[in-house]
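Each chain, letter by letter, is given below.
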Amino acid sequence: MRKQIVAANWKMNLTKKEALYIYDKLEEIQLKENQEVIVFSPYVFLDALKQRQHHIKVGAQNFHPAAQGAYTGKVSINHLLDLEIECVLVGHSERRILFNESDEVIKLKIDVAVNNKLETIFCCGEPLEIREQGKHLSFVLQQMESNLFHLTPEQMKQIIVAYEPVWAIGTGKTASSQQAEEMHRFIRMSIEHRYGKETAGNISILYGGSCNPSNAAELFACENIDGGLIGGASLNAEDFSQIVLAQ
Ligand code: PGA
């Protein structure tokens with residue numbers, strides 16, 4: 001049975017006090033047997049969150065692919081491992097668009113994360129003009145082919161896919177459950193085509209893009225949607241808890 005996951009992407013938000021408050025609130029939720037909650041926090045709170053020793057996982061939103069060196073302002077995977085961080089995000093559209101992360105860089109980061117045995121959320125998703133042209137499926141397939149499909153079947157076990165249509169991120173516009181399910185089924189079929197039925201059946205595929213307490217249950221009820229990656233609505237303990245409970 002594949003894992004059901006709700007992950008918070010706090011992006012560049014919250015104070016330390018607010019972050020710890022939300023994290024402590026989440027610990028009060030009784031999770032289902034195959035359910036996992038992850039909090040992707042700004043770097044500066046990671047250590048404090050880990051010190052809490054809660055069962056809610058802590059992840060980092062980014063890292064530099066080099067192990068160490070003269071990269072002023074950057075954080076390496078070794079820093080994350082030193083703090084016992086368990087998960088990372090790779091390929092988020094904000095990293096691709098605002099920070100010009102190329103397919104080569106994303107592929108390299110995937111390799112670094114997987115080789116260091118971190119649970120890796122790989123984000124993919126099309127911009128608005130691509131959806132309007134009806135080319136969203138081939139666009140996402142291309143992202144998976146150039147960023148992900150070089151992994152071995154064994155390495156794929158560490159991957160969680162997050163489908164995040166760019167036009168739905170932070171816009172209040174959510175993909176309908178039909179649009180999301182169509183893409184999730186397509187992602188799973190593409191993985192099956194490349195890696196076989198077992199790998200495809202075991203991989204969790206999350207939806208991200210203006211997911212909130214009022215649309216989460218409908219999205220999570222879809223056959224191929226195994227949870228969500230939540231931005232704006234994860235900044236409020238009550239809203240995010242409701243999304244976790246909607247699963
Ligand atoms: P949003 O962000 O929920 O605010 O749309 C999702 C994300 O970027 O992961």
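Keep in mind that this is a model prediction, so the values were computed, not measured. (Residues numbered from 1 in each chain as written. Predicted model: local features only at pLDDT ≥ 70, side-chain atom pairs only at ≥ 80, totals over all residues. Heavy atoms only, no water.)

### Here we look at the layout of surface pockets
- Its volume calculated, the largest pocket comes out at about 530 Å³.
- Lining the largest pocket are 19 residues; nearest its centre among them are K11, M12, Q61, R95 and F99.
- For the lining of the largest pocket, the element with the most residues is helix α4 (residues 93-98), which contributes three residues.
- The space that makes up the second largest pocket amounts to roughly 290 Å³. (1 Å grid on protein atoms, 1.4 Å probe; cavity = no way out; pocket = protein on both sides within 12 Å on 5 of 7 lines; lining within 4 Å. Points joined across faces, edges and corners; volume = space filled by probe spheres on them. Helix = DSSP H or I, 4+ residues; strand = E, 2+ residues; numbered from the N terminus.)

### What to know about the pattern of salt bridges
- What the rule picks out here adds up to 17 salt bridges.
- For R52, the salt bridge identified is with D24, shortest N-O distance 2.8 Å. On the criterion of sequence distance, the pair formed by R52 in the loop between α2 (43-51) and β3 (57-60) and D24 in helix α1 (residues 16-27) is long-range, its members being 28 residues apart.
- The partly exposed category is assigned to D24, whose relative accessible area is 27%.
- The partner of K197 in a salt bridge is E192, and the shortest N-O contact between them spans 3.7 Å.
- Residue K197 is classed as exposed on the basis of its relative accessible area of 62%.
- The network of salt bridges with shared partners includes K3, E36, K57 and E119. (Salt bridge = Lys/Arg side-chain N within 4 Å of Asp/Glu carboxyl O. Buried < 20%, exposed > 50% of the residue type's maximum accessible area, 1.4 Å probe, protein only.)

### Thoughts on the environment of N116
- With respect to the secondary-structure elements, N116 resides in the loop between α5 (103-115) and β5 (119-124).
- Among the residues examined, N116 registers a relative accessible area of 27% and is labelled partly exposed.
- Between the alpha carbons of N116 and E86 there is a distance of 9.9 Å; along the sequence they are 30 residues apart.
- Side-chain polar atoms of N116 contact the backbone oxygen of V112, separated by 2.8 Å. (Polar contact = N/O pair within 3.5 Å; in protein donor to acceptor, adjacent residues only side chain to side chain.)

Purely geometric numbers; function is a separate question.
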